[in-house]
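# Understanding the architecture of this molecule
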Amino acid sequence: PGRGDQPRHRLGLTLEDETPVERVVDLMANLTKEDAQRLKAVIVYGDTMEAIGAARRLLTAGVPAAALRVVSPTEEGTLFAVAEAAASKLRATKSHTVAGQPAAEKGLTLTGASAAPGGGVHAVFSRAATGESVEMDADFLVACDRGDCDPALFKCLNDAEIVYDGHVVIDAAFRTNDPDVYATGDIAKFSRRYATDGGKVQPLDRHDPKESGFLLADSLIDRVRGVRPRDAPPAFNAPKCESVILPGKCQFLFVARPARFERPSWDAAPGGRAIETRSDERGYARIDVDADGIVSAFYYCGDVKVDSQRMGCIVGLPVSYLGEDLSSAACLLTHLDRDAFAAVFHEGFAQVHRSAVTLLSAPRDALAESFLGAQNDGAMVQDIVIDFVRRHASDLPMLAIPSRA
């Protein structure tokens with residue numbers, strides 16, 4: 001909490017103003033099925049995963065598909081666009097899965113909203129490409145734009161003299177300018193003094209929130225123990241997951257390294273490649289591999305429930321761990337379900353991989369190059385996996401362990 005779309009505040013609408021601009025959670029709390037079925041027009045505005053979820057919830061509540069109008073301020077560079085691309089891939093195999101998904105009108109930025117004379121809302125948009133004004137009338141405008149600080153929370157931060165620069169500014173130990181106040185999650189970002197050579201500091205909303213919480217807890221424990229606060233932000237290793245149920249009731253899942261969330265794209269990373277499969281039974285799946293041979297993202301769209309935490313285990317690992325026949329697999333999900341890869345999905349395997357990389361990367365030699373994804377890395381991968389399986393034999397009974405020579 002603390003960050004979310006603040007439509008009424010952004011449009012200058014007061015609490016007394018009855019213009020029907022709502023957040024989906026507020027609208028759904030009071031919308032009966034009979035009322036939903038009578039609606040003639042509902043605008044869902046935003047280029048976020050929440051906008052996609054809102055469309056699904058409204059359709060499920062009974063709003064006619066023809067009455068639902070989805071408007072996005074952007075045309076690309078968002079997870080909204082990536083989800084649409086994934087859904088289009090799924091249609092090629094199983095079109096009824098996403099039937100009823102409204103086609104979004106893109107490139108329209110909401111600039112104003114007022115009560116329509118006959119009831120409902122009169123919304124005004126600006127078209128990004130031409131600057132022309134576009135007007136729409138609807139029973140409701142459901143705002144699902146990108147998050148901003150809650151006005152009440154901002155007042156509290158301001159009254160407490162907490163530094164806020166688009167996000168609450170924190171040091172490497174997650175402390176604000178008040179050393180007794182800590183912050184993490186999508187409300188926070190590290191101070192600019194920790195900027196990399198590129199001059200950027202990634203906001204924490206691009207990192208896994210669970211990992212961020214654990215790292216903040218570590219800082220609090222260090223404080224209690226009297227340990228000197230760290231001088232640089234901690235390493236974030238966990239991938240971030242975004243998931244939503246599309247209007248056709250199928251799942252879209254995107255699990256990726258934090259850098260992929262800066263400007264989400266359907267295109268593979270420069271120098272990288274994408275491995276994708278479509279299956280009538282299991283839907284559409286894709287693995288992105290970067291130029292160094294490291295898995296940078298996993299996508300899924302379909303009816304099968306896919307465990308995001310499980311798929312997060314492969315993000316950040318060399319693709320060589322997933323078998324030489326990965327590129328020729330008929331279905332990625334079926335391929336990854338094989339017992340041969342059980343160790344890779346063990347919760348402790350990623351840490352073993354990171355430790356091995358640290359040992360082999362200084363100085364960087366031919367052995368380290370082999371491990372990190374260059375050619376002839378099969379023997380190194382095999383040794384790491386076998387050693388890990390031996391130490392976790394009780395957790396991996398489905399794997400046969402080669403006897404030592």
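Residues numbered from 1 in each chain as written. Predicted model: local features only at pLDDT ≥ 70, side-chain atom pairs only at ≥ 80, totals over all residues. Heavy atoms only, no water.

What follows deals with the overall build of the chain. A count of helices and strands for the chain gives 12 helices and 17 strands. Burial status across the chain gives 47% buried among its 405 residues. A separation of at least 24 residues holds for 60% of the contacts in the chain among residues at least 6 apart in sequence. Just so you have it, the chain exposes about 20,500 Å², and 51% of that area is on carbon and sulfur atoms. (Helix = DSSP H or I, 4+ residues; strand = E, 2+ residues; numbered from the N terminus. Buried < 20%, exposed > 50% of the residue type's maximum accessible area, 1.4 Å probe, protein only. Contact = heavy atoms within 4.5 Å. Areas by Shrake-Rupley, 256 points an atom, 1.4 Å probe, with all protein chains shown as cover.)

Further remarks concern the nonpolar core. Formed by 40 residues in total, the largest nonpolar core has its most connected members in Val44, Leu58, Val63, Val142 and Phe252. Elements with a contribution of two residues or more to this core: helix H2 (24-30), strand S3 (42-45), helix H4 (49-61), strand S4 (68-72), helix H5 (79-91), strand S14 (251-256) and strand S17 (295-302). Broken down by element, the residue count for this core peaks at eight residues, all from H4. Listed in part, the 36 residues of the second largest apolar core include Ile287, Val315, Leu333 and Val385. (Core = buried A, V, L, I, M, F, W, Y, C linked by side-chain atoms within 4.5 Å.)

Another point: the pattern of salt bridges. Applying the stated criterion across every chain yields a total of 22 salt bridges. Close ionic contact of Asp337 with Arg310 constitutes a salt bridge, the shortest N to O distance being 3.6 Å. Linking Asp337 in the loop between helix H9 (332-336) and helix H10 (349-360) with Arg310 in helix H8 (residues 308-312), this pair joins segments that are 27 residues apart in sequence. Between Arg391 and Asp387 there is a salt bridge, with its nearest N and O atoms 3.2 Å apart. With Arg391 and Asp387 both in helix H12 (residues 378-391) and four residues apart, this pair spans about one turn of that helix. By relative accessible area, which is 35% here, Asp387 ends up partly exposed. What you see here is one network of salt bridges that share partners, running through Asp165, Lys189 and Arg192. (Salt bridge = Lys/Arg side-chain N within 4 Å of Asp/Glu carboxyl O.)

Taken in spatial order, the three strands make up an open sheet running S6-S7-S8, and their pairing is antiparallel. Among the strands making up the open sheet, the edge pair consists of strand S6 (108-115) and strand S8 (133-138). Between one strand and the next, the sheet's axes are offset by a mean angle of 25°, whatever the strand orientation. Pairing geometry for S6 and strand S7 (residues 121-127), over seven bridges, is antiparallel. Paired with Gly112 across the two strands is Val124, which belongs to S7. (Pairing = 2+ DSSP bridges. Axes fitted to C-alpha atoms, helices over the stretch in contact; angles between N-to-C directions.)

Attention now moves to the packing of aromatic side chains. Two descriptors summarise a pair of aromatic rings, namely the distance from one centre to the other and the angle between the planes of the rings. Applying the stated criterion to the full structure yields 11 aromatic pairs. Geometrically, the ring pair formed by Phe154 and Tyr164 is edge-to-face, given 5.4 Å between the ring centres and 80° between the ring planes. With Phe154 in helix H6 (residues 151-159) and Tyr164 in the loop between H6 and strand S11 (168-170), this pair connects stretches of sequence that are 10 residues apart. Residue classification places Tyr164 among the partly exposed residues on the basis of a relative accessible area of 22%. In textbook terms, an aromatic cluster arises when at least three aromatic residues are bridged by ring pairs, as seen for Phe254, Phe261, Trp266, Tyr284 and Tyr299. Its end group placed over the ring of Phe261, Lys240 keeps NZ or CZ at 5.2 Å from the ring centre. (Phe/Tyr/Trp six-rings, centres within 6.5 Å; stacked < 30°, edge-to-face > 60°. Lys NZ or Arg CZ within 6 Å of the ring centre and 35° of its normal.)

Moving on, we come to unusual backbone geometry. Despite not being glycine, Glu161 has its phi angle at roughly 60°, a positive value. In this structure, Phe174 is a non-glycine residue whose phi angle is positive, near 75°. Relative to the helices and strands, Phe174 is located in the loop between S11 and strand S12 (188-190).

Per-residue confidence for the chain gives a mean pLDDT of 85, with 88% of residues at or over 70. Every residue in residues 93-98 is under pLDDT 50, and counting partners more than four places away or in other chains gives 16 contacts. (pLDDT = per-residue confidence, 0-100.)

Glancing now at helix H7 (residues 209-225). For the α-helix, the turn length of 3.6 residues means that residues three or four positions removed from each other point alike. With 17 residues, H7 should cover 24 Å at 1.5 Å per step; its first-to-last C-alpha distance of 24 Å lies within 8% of that length. Regarding H7, the residues found buried are Glu211, Ser212, Leu215, Leu216 and Ser219. For H7, the buried positions fall inside an angular range of 140° around the axis, keeping them on one side. Turned more than 90 degrees from where H7 packs its buried face, Lys210, Phe214, Val224 and Arg225 sit exposed. Residue Gly226 follows H7 closely and has a positive phi angle near 80°. (Expected span 1.5 Å × (residues − 1). Arc of directions from axis to C-beta.)

Once that is clear, we can look at the pairing of S3. Judged by which residues are buried, S3 turns out to be covered on both faces: Val42 and Val44 on one side and Ile43 and Tyr45 on the other are all buried. In terms of strand pairing, S3 meets S4 through four bridges, oriented parallel. What sits directly across from Val44, in S4, is Val70. Handedness of the crossover joining S3 and S4 through H4: right-handed. The pairing of S3 with strand S9 (residues 140-143) spans four bridges and is classified as parallel. Bridge pairing links Ile43 to Leu141 in S9. (Right-handed = clockwise from strand over helix to strand, strands pointing away.)

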